[in-house]
Amino acid sequence: TLDEAGPVRHQLDLQSLSSYLRSHLKPFEGALTARQFSHGQSNPTYLLDCGGAFQCVLRKQPHGKLLSTAHAVDREHCIMRALKPTAVPVPEMLCYCADAGVIGTPFFVMEFIHGRVFKDATLEQLPPIERFGVYHAMCDVLARLHRVDWRSLAGLEQFAPDGAAEGGAYAARQVRRWKRQVEGGRAVLAEAGVAESGDIAALAGWLEEHSAEAEAYAAAHFSPTIVHGDFKLDNLIFHPTEPRVLALIDWELATIGCPLADLAHCCQAYRWPREHWFVPGLRGASLLRLGIPHESQFVRGYLERVAQPPLPELVWTFYCALAYFRMAAIVHGVHARAIMGNASSARAQLAGQISNDLASVGHQIALGLADGAATAEPALHLYDTLPFPFSARGRELFDRTRAFITEHVLPNEGRWREALAANTAAGRRWSPISFVDELKAKARAAGLWNFFLPSCAEVGQGSGLSSLDYAPLAELMGCNEWCAEVFNCAAPDTGNMELLAHFGTREQQQTWLQPLLRGEIRSCFAMTEPQSACSDATNVQTRIEREGDEYVINGRKVWTTGAGDPRCKLAIVMGRVVGGGGPSGEADAASASVRRQQSMVLVPMDTAGVDVVRMLSVFGYDDAPHGHAEVAFRNVRVPVANLLHEEGGGFAMAQARLGPGRIHHCMRSIGVAERALAALCARAKTRRAFGQLLARHGATEQAIAWSRVELEQVRLLTLKAAYMMDTLGNRAAMQEIAMIKVAAPRMALAVLDRAIQVHGGAGVCQDHVLAHAWASLRTLRLADGPDEVHCRTIARWELMKSKL
């Protein structure tokens, strides 16, 4: 920045430089003047004013004897020039001069970018509310850099040492390189009689011992990327007023290797002491009060952006220790140059103590000691904040499920979208996403399976969880549209399995329930019809006629969720049995209760006469590969043995199916709302309008506050309903179930609407999950009974309870 440019400390031959720039850059009138940036200890950097016509920045090697592999200005120029067309923000390269005869050493010239450079990780010059945006932008740029396909950029292959392009031996190579640098400077220090700390040698030994294990993990999970080599806050130029990165600079250490090296280097401040005499770090600071994300949050945000699971503790420890070793080695070299008289600043004289301090912290990290640990993220368990008697098993499964989702589901969301797009391009849009089956196998092997079904003696399976214990798990699984399937807890299979478990015959359970419980097949529930208002189940018109030992089914169903999935092998069809001997037969129609005229029949989807007519869209979304279908049943014949429970039992079974299902839907809605609120807050802290962050506008504060208030209210009401179902039974909880079915979708839609509003145009397009989530949740005000029906139930119960 302009404020950083001061008097020239290392003189330039301005006359020679002026002639070179006029011939190699562009002509200008007037005198060339130079100021030197205080930033940039390694390669002296200058702000050039070319006769008032334009400004640019010159970066050069220092004079004198240099340590090998250091001060590679040619590398910097080449990499930034290659990256300019990509999503990584870098200055435009204007020219490169390898001729040391011009100003004494090689140099390059780049555009001058006016902005802000933050040297202090605490960002004390900013209000706390603005600090999150800086770290958010830094995380974004780091992820963007590591997503660049470097092989497609001309000239970068030269920076991939032998084996690096295949991911080989990066960690060991780094340890060797920086160890050599320490050894190179050690002779200079010894000659000057300067003692060296024992920590740097001990740290090098620990890194050599553990590099193979860290290398193996990194090679298995991360492709080789461009590694900046010195990615940190003060190498980013931010927009003058917005939390947006305009340029990433200082590329002299860039190479091809493991991206975790950059991530760990970027996180060094989290482990550097808050009160250090040279520059303050973040260790020991109250990050919540500072408005800065914790190390664990920053790392998690980066891994989500690059679609990777959480890192094993040893791997993260290794790369954090390596980052400190590298810095200790670099500063060790600066100290050696200071002794030789080649350092670019008088502050380099302090380098000896800083190098020792860096090595000490790195050694503490390696040994797992407190002085090397980052400030821990505040941990308040959800179960400790709620006044309900959750079981120890429920809490254990909650923790394990959350960890599984963090490790396997969230990092694969991008992969899921890519797989759907690939299937669509190949003409197979309704084909299942293959890797979801892989995750299902992992979840089942881990015992994270069929949570929704309590212990069921009839089938010898079940999770043993109460509705109360299952509810928070359903909230976790509401994070996206396919997460519940991973744990075999997706609708409509859950409701269908409950029906089969409680009302199916042993033969029906063996044929259909067992494969469903194993996750081998999917199913659908065919109830809603286009010609009747099926929010009143007594309006169902599909005919199920008894002919000897068979039922013949004729009717048309819509919103049959899952019928488009080729794995859907079973439909549970609700209709009216006519011509039979039961209470719903035509002979008894006049005397039969309106709630005893419906029955359910199991219909294999490959039965003759079953026709998936079309897939229906929801506000333009087709919800592939699961989807919602219109299905015609034309003279479909099934054995009478396919009747579920009894003729006339359909209405009662539907109510039994819908009670627990409403708890599941509502808690998943809360999960969606939590994710939407997090997105709202992140957007509000990273976007500016009318001169300030959106988070500082009163309307945004109101949106955030009401979202949290409403979300907590609905969670408590839903858990109360689940608790009443467990302790008093479904009928006693009927009013509470109706209340949550109204309240949860409305609350989640309100939170989503606020998040969409804060996101602006991005909130209503495919670039964010908000629009699809809103469309899906809007249907929930209709599915399993519209709001009006549930409000009628609530009101009637309230009227019955009124007293004189």
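Going along each chain's sequence as written, the residues are numbered from 1 onward. Totals for whole chains, interfaces and linings use all residues, but because this is a predicted model, local features are given only for residues with pLDDT of at least 70 and pairs of side-chain atoms are given and counted only at 80 or more. The basis for the side-chain values is all heavy atoms of the structure; hydrogens and waters are excluded.

**A closer look at the nonpolar core**
In a soluble, globular protein the nonpolar side chains are often hidden away together inside. What we call a nonpolar core is a set of buried Ala, Val, Leu, Ile, Met, Phe, Trp, Tyr and Cys residues that are connected through their side-chain atoms within 4.5 Å. Partly exposed describes any residue whose relative accessible area lies between the buried limit of under 20% and the exposed limit of over 50%, with all areas from a 1.4 Å probe on protein chains only and scaled to the type maximum. If you look at the biggest cluster of nonpolar residues, it comprises 103 residues, and the most contacted ones within it are Leu-83, Trp-251 and Tyr-319. The dominant element in this core, judged by the number of residues it contributes, is helix 9 (residues 313–340), at 15 residues. Should any heavy atoms of two residues lie within 4.5 Å, those residues are considered in contact. For Tyr-319, the contacting residues outside a window of four places in its chain are Ala-171, Ala-214, Ala-218, Cys-258, Leu-260, Ala-261 and Ala-264. Listed in part, the 94 residues of the second largest apolar core include Met-574, Ile-663, Ala-695 and Val-751. Runs of E in the DSSP output that reach at least two residues are strands. Runs of H or I that reach at least four are helices, and both are numbered from the N terminus.

**Description of the packing of helix 5 (residues 199–221) against helix 10 (residues 351–367)**
Helix axes are fitted only over the stretch in contact, all axes being lines through C-alpha atoms; the angle between N-to-C directions runs from 0 to 180 degrees. It is the contact of helix 5 with helix 10, at a shortest axis distance of 8 Å, that shows an interaxial angle of 40°. Remark: the crossing between helix 5 and helix 10 carries left-handed chirality. Contacts between helix 5 and helix 10 pair Asp-199, Ile-200, Ala-202, Leu-203 and Trp-206 from the former with Ser-355, Ala-359, Ser-360, Gly-362, His-363 and Ala-366 from the latter. Note: crossing handedness is left-handed where the near helix turns anticlockwise from the far helix by less than a right angle, and right-handed where it turns clockwise.

**Considerations on the sheet that holds strand 2 (residues 32–37)**
Spatial ordering of the open sheet is given by 1-2-3-4-6-5, a layout of 6 strands whose pairing is antiparallel. The open sheet terminates on both sides in strands that have one partner only, identified here as strand 1 (5–6) and strand 5 (93–97). By this definition, two strands are paired if DSSP reports at least two bridges between them. In terms of strand pairing, strand 4 (residues 54–60) meets strand 6 (residues 107–111) through 5 bridges, oriented antiparallel. From the neighbouring strand, Cys-56 faces strand 6, where its bridge partner is Glu-111. Packing against the sheet, helix 1 (residues 14–24) makes contact with strand 2, strand 3 (45–50), strand 4, strand 5 and strand 6, and its axis sits at approximately 110° to strand 2.

**A word on the packing of helix 20 (residues 734–759) against helix 22 (residues 787–801)**
Relative orientation of the contacting elements helix 20 and helix 22 amounts to 140°, with a least axis distance of 9 Å. With respect to helix 22, the element helix 20 is oriented oblique. In terms of crossing hand, the pair formed by helix 20 and helix 22 is left-handed. For the pair formed by helix 20 and helix 22, the contact residues are Met-734, Gln-735, Ala-738, Met-739, Lys-741, Val-742 and Arg-746 on the first element and Asp-787, His-790, Cys-791, Thr-793, Ile-794, Trp-797, Glu-798 and Lys-801 on the second. Charged residues are taken to be Asp, Glu, Lys and Arg, nonpolar residues to be Ala, Val, Leu, Ile, Met, Phe, Trp, Tyr, Cys and Pro, and polar residues to be all remaining types, Gly included. For the contact of helix 20 with helix 22, the residue count by class is 7 nonpolar, 3 polar and 5 charged. Convention used here: angles under 35 degrees read as roughly parallel, angles over 145 as roughly antiparallel, angles from 65 to 115 as roughly perpendicular, and any remaining angle as oblique.

**Section: the pattern of salt bridges**
We define a salt bridge as a side-chain nitrogen of Lys or Arg found within 4 Å of a carboxyl oxygen belonging to Asp or Glu. Applying the stated criterion across every chain, the model contains 46 salt bridges. Of the charged contacts, one joins Glu-475 and Arg-715 as a salt bridge, the two residues approaching to 2.7 Å between their closest N and O atoms. One end of the pair, Glu-475, is in helix 14 (residues 467–477); the other, Arg-715, is in helix 19 (residues 698–727), with 240 residues separating them in the sequence. One salt bridge connects Arg-567 with Glu-485, and the closest N-O pair in it is separated by 2.9 Å. With Arg-567 in the loop between strand 13 (550–561) and strand 14 (568–578) and Glu-485 in helix 15 (residues 483–486), this pair connects stretches of sequence that are 82 residues apart. Comparing Arg-567 with Glu-485, the two get one shared label, buried.

**Points about the confidence of the model for the protein chain**
The pLDDT averaged across the protein chain works out to 90; a share of 93% of its residues lies at or above 70. Within the model, pLDDT remains below 50 along residues 581–591, and this stretch shows 22 contacts once partners closer than five positions in the same chain are excluded. Values of pLDDT, the confidence the predictor places in each residue, fall between 0 and 100.

**Structural notes on the pairing of strand 11 (residues 522–526)**
Looking along a regular strand, one sees side chains alternate from face to face of the sheet. Of all 5 residues in strand 11, 5 are buried; the element is thus mostly enclosed. Here strand 11 shows no split at all, with Arg-522, Cys-524 and Ala-526 on one side and Ser-523 and Phe-525 on the other all buried. Bridge analysis of strand 11 against strand 14 gives 5 bridges, and the strand direction is parallel. By the bridge assignment, Ala-526 is partnered in strand 14 with Val-573.

**Some remarks on the packing of aromatic side chains**
To pair, rings of Phe, Tyr and Trp, with the six-membered ring standing in for Trp, must have centres within 6.5 Å; the planes then decide the type, stacked if under 30 degrees apart, edge-to-face if over 60, and tilted in the middle. Under the criterion given, the structure shown has 18 aromatic pairs. For the pair Phe-388 and Phe-390, a centre-to-centre distance of 6.4 Å together with 70° between the ring planes defines the contact as edge-to-face. On the accessibility criterion, Phe-390 (14% relative accessible area) is buried. Pairing Trp-416 with Trp-482 gives two aromatic rings, centres 6.3 Å apart and planes at 5°, and the pair type is stacked. Taken together, the positions of Trp-416 in helix 12 (residues 413–425) and Trp-482 in the loop between helix 14 and helix 15 put the pair 66 residues apart, joining distant regions of the chain. In terms of burial, Trp-416 and Trp-482 fall into one category: buried. An aromatic cluster is built from Tyr-383, Phe-388, Phe-390, Phe-398 and Tyr-723, whose rings are joined through pairwise contacts. Look at NZ for Lys and CZ for Arg. If either is within 6 Å of the ring centre and within 35 degrees of the ring normal, a charge sits over the ring. One Lys or Arg, Arg-22, reaches over the ring of Phe-28 and ends 4.1 Å from the middle of that ring. For the cation-ring pair, Lys-685 lies above Phe-132, with the distance from its terminal atom to the ring centre recorded as 3.8 Å.

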